[in-house]
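Residue strings, one per chain:
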Amino acid sequence: MDMGPVPPPFHWSHLWLWQFAWVPCLLLGAALALYLIGAARNPGWSSTRTACFVIGVVVTFIATQSVLGVYDMVLFSDHMIQHLLLIMVAAPLFAASAPLDLAAEALRGVPQRLVRGFIDGPVGGVVLHPVFGFVAYAGFIPVTHLSGVMNLTMSHEWLHHIEHIAFLVVGYLFFRHVFGIERGPRPLHPGLRLVFLMIAVPIDTFTGLALVMTTHNPFPIFDTMPRTWGMTPLEDVHLGGAIMWIGGDALMLLAMIPATVKWVRYEDMRTKQLDAELDAAAATAT
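Within any chain, residue numbers begin from 1 and follow the written order of that chain's sequence. pLDDT decides what is reported in this predicted model: residues at 70 or higher carry local features, side-chain atom pairs at 80 or more are listed and counted, and totals for whole chains, interfaces and linings draw on all residues regardless. Based on all heavy atoms of the structure, the side-chain values leave hydrogens and waters out of the count.

**Q** Any chance you could explain the packing of helix α5 (residues 99-106) against helix α6 (residues 109-120) here in plain terms?
**A** When two helices pack together, their arrangement is captured by the angle between the axes and the distance separating the axes. Working convention: axes come from line fits to C-alpha atoms, limited for helices to the stretch in contact. Angles between N-to-C directions cover 0 to 180 degrees. Think of it this way: any DSSP run of H or I at least four residues long counts as a helix, any run of E at least two long counts as a strand, and we number them from the N terminus. Viewed as axis vectors pointing N to C, α5 and α6 meet at an angle of 140°, and their least axial separation amounts to 8 Å. Taken together, α5 and α6 sit at an angle that is classed as oblique. Remark: the crossing between α5 and α6 carries left-handed chirality. Contact residues: α5 offers L100, A103, A104 and E105, while α6 offers Q112, V115, R116, F118 and I119. Note on angle classes: values under 35 degrees are labelled roughly parallel, values over 145 roughly antiparallel, values of 65 to 115 roughly perpendicular, and the remainder oblique. What makes a crossing left-handed is the near helix being turned counterclockwise from the far one by less than a right angle; a clockwise turn instead makes it right-handed. We call two residues contacting when some pair of their heavy atoms lies within 4.5 Å.

**Q** Quick question: what am I supposed to make of the packing of helix α8 (residues 130-146) against helix α10 (residues 157-179) here?
**A** Put simply, α8 and α10 touch, their axes get as near as 8 Å, and they point 145° apart. Relative to α10, the crossing made by α8 is left-handed. Residues P130, F132, G133, F134, A136, Y137, F140, I141, T144 and H145 of α8 lie in contact with α10, whose contacting residues are E163, A166, F167, V170, L173, F174 and H177. For this classification, the nonpolar set comprises Ala, Val, Leu, Ile, Met, Phe, Trp, Tyr, Cys and Pro, the charged set comprises Asp, Glu, Lys and Arg, and every other residue, Gly included, is treated as polar. When its residues are assigned to classes, the contact of α8 with α10 shows twelve nonpolar, four polar and one charged.

**Q** Explanation requested: the nonpolar core in the structure shown.
**A** A general feature of soluble globular proteins is that nonpolar side chains tend to end up buried together. Note on terminology: a nonpolar core comprises buried Ala, Val, Leu, Ile, Met, Phe, Trp, Tyr and Cys residues joined through side-chain atoms within 4.5 Å. Think of it in three bands: residues with accessible area under 20% of the maximum for their type are buried, residues over 50% are exposed, and the middle band is partly exposed, with areas taken using a 1.4 Å probe on protein chains only. Y137, F174, L197 and M252 are the most contacted members of the largest nonpolar core, which totals 68 residues. Element by element, the count of residues in this core is highest for helix α4 (residues 76-96), at eleven residues. Filtering out sequence-adjacent residues up to four positions away, F174 remains in contact with G133, F134, Y137, F196, L197, A200 and M252.

This is how it looks when you write it as C-alpha cells:
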C-alpha cells in the first residue's frame, strides 16, 4: 500500500490547499498542448469547442490537484465530489470539444489514417456506439463504488491515477452521444438524447442510495487509515453516498436542459421544413 501521509484535520481555511503531482499535471499539460496545436492547424476550428476543452482541463486540474486532491485518499465523501467533477463536468466538456474530430483533421500521415480508421472502422463502430457508451457508464459507476475496486484504488496511487483517466474516458463515451457533434456510428435523434440521459439517472440514484443505506463500512481500507479526526468511516460513506445520489442526479438533470432545448429547436426546424414542402407541393398542384 503506497498511501502518502495523512493531511491535517480538514478546515474551511484549507480550501486553498493545492498539490502538484507530476503525473497528472504532465498528462493534463500534454493534452492541452496537443489540442491547442491541433486547433491552430485548423483555422476554421470552433473557438467554442476549444474553450470547452480548456475549461475541461481546468476542471480536471481542480478535481485532482486542489484541496479535493489533497484529501481524496482519506475521505470517501471527498472522493465522490472528485468523481462527479470528472465524469459529469469535465467529461461532458471534453465531449463538447470533439477531440476525435480535431485529431482526424489536424493529424497527418499515418496517425491521421489510424484515427480515421478507428472512427470509421469496426472498432470505432463498437466503442463509439451509443449502446457501448451507455453500458460502459452503467457498469462503471456501480463497479467503482460498490465493489473492491475502491479498496484497490485507495491502496495504490498509480491505480488511483488510472481510475481518474477511466472516469474521463467513460464520461466522454457517454456524453458524446448527448451532444451528437462528432463523427461516429448511429447518431441519436435529439429526442432520444434526452431519453439517453433520463435512463442513466437511476444508475447514480441506485449507487448513492446503496451507500447511504449500508449499515457497515464497505471499504475496509478506511478502517486502517491513521486518521484520528473527522467523521467515522461509516458516516463518511453515508455522506459520500448522498453526494453521489443528490449531486449526480442534479448534474444529470442539469444536462437535460440543453438536450431539451436542442430537441425543441430540431422539431421547430423540421416543422418549418415540412410546412415549406407542403406549400411547395400545394403550389405545384395548382
